[in-house]
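The chain contents come next:
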Number of protein chains: 2
Amino acid sequence: MFSLSEENYLKAIFHLERSFPTGVSTNALAEEMNTKASSVTDMVKRLSEKKLVNYKKYQGVKLSKLGRDTAVEVIRKHRLWEVFLVEKLNFAWDEVHEVAEQLEHIKSEKLISELDKFLGFPKKDPHGDPIPDAKGNMVIANKILLSELQVGESGICVGVKDSSTEFLQYLDKNDIALGKTISILEKESFDQSMLIKLNGKELKISSLISSNLYIKTS
Amino acid sequence: MFSLSEENYLKAIFHLERSFPTGVSTNALAEEMNTKASSVTDMVKRLSEKKLVNYKKYQGVKLSKLGRDTAVEVIRKHRLWEVFLVEKLNFAWDEVHEVAEQLEHIKSEKLISELDKFLGFPKKDPHGDPIPDAKGNMVIANKILLSELQVGESGICVGVKDSSTEFLQYLDKNDIALGKTISILEKESFDQSMLIKLNGKELKISSLISSNLYIKTS
DNA sequence: ATCAATTTTTAGACTAATCTAAATTTTAAT
DNA sequence: ATTAAAATTTAGATTAGTCTAAAAATTGAT
Ligand SMILES: [Mn+2]
Ligand SMILES: [Mn+2]
Ligand SMILES: [Mn+2]
Ligand SMILES: [Mn+2]
């Protein structure tokens, strides 16, 4: 159907549309794709020819219905494979992304529907991100960043915003994991660092940490 | 490491080397790869530059140690994925090849070693072909073609030479499966067709069938 | 040994995806 | 409203992998 490169661009545009609701800029897309603006312009033209995006010169790019559906399907595959790697093949949550980047491009309807069934139709990937179902619907969880909580409040850790190896390994090292309860004991107004309670212990975390952890408040 | 195309060429050369021990011809490779002889010449030059094959103009091509090791690794991945698809994802043995052609190119050592473990270190793929281990060693089974059996002899079906959907579905339709015992009741010398006993019933098969079924004699 | 058929290689062209450098358009500050 | 900076697009080149058509080498039949 579509090439690996095309699928990766669609995914990137999909993710950037949250921050660029009026149209994803060429530079933002170049940054996300680790490529040059001129390459983006070329590709965006091709995507436009294929009716995957709406594009007008100098005005940024938006996904069409077809483009969005395709992006969501790729994201579905990515996240299902991540679950498979963690649940069945003993991968840690910081090891799955690179492999899933490859597996997400395998073309086979039966493969993905059977994988979904095999995994028990999971709703979340190992990083807490929602997995679209076969129709492309996904649950948007009501989660907020830990950094938005006030002193005295608490909630359950349900996802990560940054899913880089470095961040995930930091969380592992400090026994922060999805499903755990975190309470805010103190908040330093100068640098937004926090003292939290976790696993019965107190832990000091910087704002870089608290602004990349999703919490569900009860 | 190597591109998808390069890996596919290496695999094709590996398989053709049985029939062309003195060097795989350009035309044979073109036929196997469904491409043109001129494209093969181009690619073979590139493979040669990368030390994957030994090539001299007009003299055919042979795998180097590196080329052979790479080919075997791709074959290992292909066959492990086929087992996964059949054993875990409810694929029929005639449905796996196309998907395995894609999956065999995923790059991740951990993925394949964990998959191997997850599947219980299988020795054979769903078509009876041997699966190389992590070091590239594979068991060469002592199997012969059904067509080589004489009247009165019998053996167990252990593999297929042709693993096309068409042939595999013919076998399914006639309840011929790996592990079953087949005895030769009659052999027609004119067209080499056979009357065999299978599942307690008699069945007439053409030489096209008997020359594509591997048998292990006891 | 010659020569025609077959096989293989070369030459030149094409596409997808990328790059650098230059040109153009937009933006936002004065 | 000008104009400098920033963003974007265009022009031209490159690489992998493919193709067609033509040239060259090999093979095999007489
Ligand atoms: Mn991921
Ligand atoms: Mn990808
Ligand atoms: Mn196969
Ligand atoms: Mn392949």
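Relevant structure appears above.
Residues numbered from 1 in each chain as written. Chains lettered and ligands numbered in written order. Predicted model: local features only at pLDDT ≥ 70, side-chain atom pairs only at ≥ 80, totals over all residues. Heavy atoms only, no water.

## Details of the coordination of the manganese ion (ligand 1)
Residue and element names in this part refer to chain A.
(1) Moving on: Taken together, the protein ligands of the manganese ion (ligand 1) are His 78 (NE2), Glu 82 (OE) and His 97 (ND1), with distances of 2.0 to 2.2 Å.
(2) Moving on: Of note, the manganese ion (ligand 1) draws all its donor residues from one chain, in the sequence arrangement H-x3-E-x14-H. Of the two residues, Glu 82 sits in helix 4 (residues 65-87) while His 97 sits in helix 5 (residues 96-103), which places them 15 residues apart along the sequence.
(3) Moving on: The class for Glu 82 is buried, based on a relative accessible area of 1%.
(4) Moving on: A relative accessible area of 36% means that His 97 is categorised as partly exposed. (Donors = N, O, S within 2.8 Å, 3.2 Å for Na, K, Ca; no water. Helix = DSSP H or I, 4+ residues; strand = E, 2+ residues; numbered from the N terminus. Buried < 20%, exposed > 50% of the residue type's maximum accessible area, 1.4 Å probe, protein only.)

## Describing empty space enclosed by the protein
(1) Moving on: Enumeration over the complete set of coordinates arrives at 2 cavities of 30 Å³ or more.
(2) Moving on: Here the largest cavity is characterised by a volume of approximately 50 Å³.
(3) Moving on: As for the largest cavity, its lining consists of Val 24, Ser 25, Thr 26, Leu 29, Val 40, Thr 41, Val 44, Tyr 55, Gly 60 and Val 61 of chain B.
(4) Moving on: A total of 3 residues in the lining of the largest cavity trace back to one element, the largest contributor, which is helix 3 (residues 37-49) of chain B.
(5) Moving on: When its residues are assigned to classes, the lining of the largest cavity shows 6 nonpolar, 4 polar and no charged.
(6) Moving on: Considering only enclosed or pocket space, the second largest cavity measures out at about 30 Å³ in volume.
(7) Moving on: When residues of the lining of the second largest cavity are traced back to their parent elements, those giving at least two are helix 2 (26-33) and helix 3 (37-49) of chain A.
(8) Moving on: Among the residues making up the lining of the second largest cavity, the classes are represented as 6 nonpolar, 3 polar and no charged. (1 Å grid on protein atoms, 1.4 Å probe; cavity = no way out; pocket = protein on both sides within 12 Å on 5 of 7 lines; lining within 4 Å. Points joined across faces, edges and corners; volume = space filled by probe spheres on them. Nonpolar A, V, L, I, M, F, W, Y, C, P; charged D, E, K, R; others polar.)

## Structural notes on the interface of chain A and chain B
(1) Moving on: The partner chain B presents 21 residues to the 21 residues of chain A that form the contact.
(2) Moving on: Across the chain A to chain B interface the summed buried area is about 1,700 Å²; carbon plus sulfur atoms make up 71%.
(3) Moving on: For the pair chain A and chain B, the interface holds 2 salt bridges.
(4) Moving on: For Lys 110 of chain A, the salt bridge goes to Glu 95 of chain B, with nearest N and O atoms at 3.5 Å.
(5) Moving on: Those elements that place two or more of their residues in the side of chain A that touches chain B are helix 4, helix 5 and helix 6 (109-118) of chain A.
(6) Moving on: Top contributing element to the side of chain A that touches chain B by residue count: helix 6 of chain A, with 6 residues.
(7) Moving on: Within the side of chain A that touches chain B, the residues separate by chemical class into 11 nonpolar, 4 polar and 6 charged. (Contact = heavy atoms within 4.5 Å. Buried area = accessible area lost by both parts, 1.4 Å probe. Salt bridge = Lys/Arg side-chain N within 4 Å of Asp/Glu carboxyl O.)

## Here we look at the sheet that holds strand 3 (residues 144-145) of chain A
Residue and element names in this part refer to chain A.
(1) Moving on: Reading across from one edge, 3-8-4-5-6-7 is the order of the 6 strands in this open sheet, with antiparallel pairing throughout. Two strands close off the open sheet at either side, each with one partner strand: strand 3 and strand 7 (201-205).
(2) Moving on: Sheet topology places strand 6 (residues 194-198) next to strand 7; 5 bridges connect them, and they run antiparallel. In the strand pairing of strand 7, Leu 195 is matched with Lys 204. (Pairing = 2+ DSSP bridges.)

Just geometry here; none of it tells us what the structure is for.
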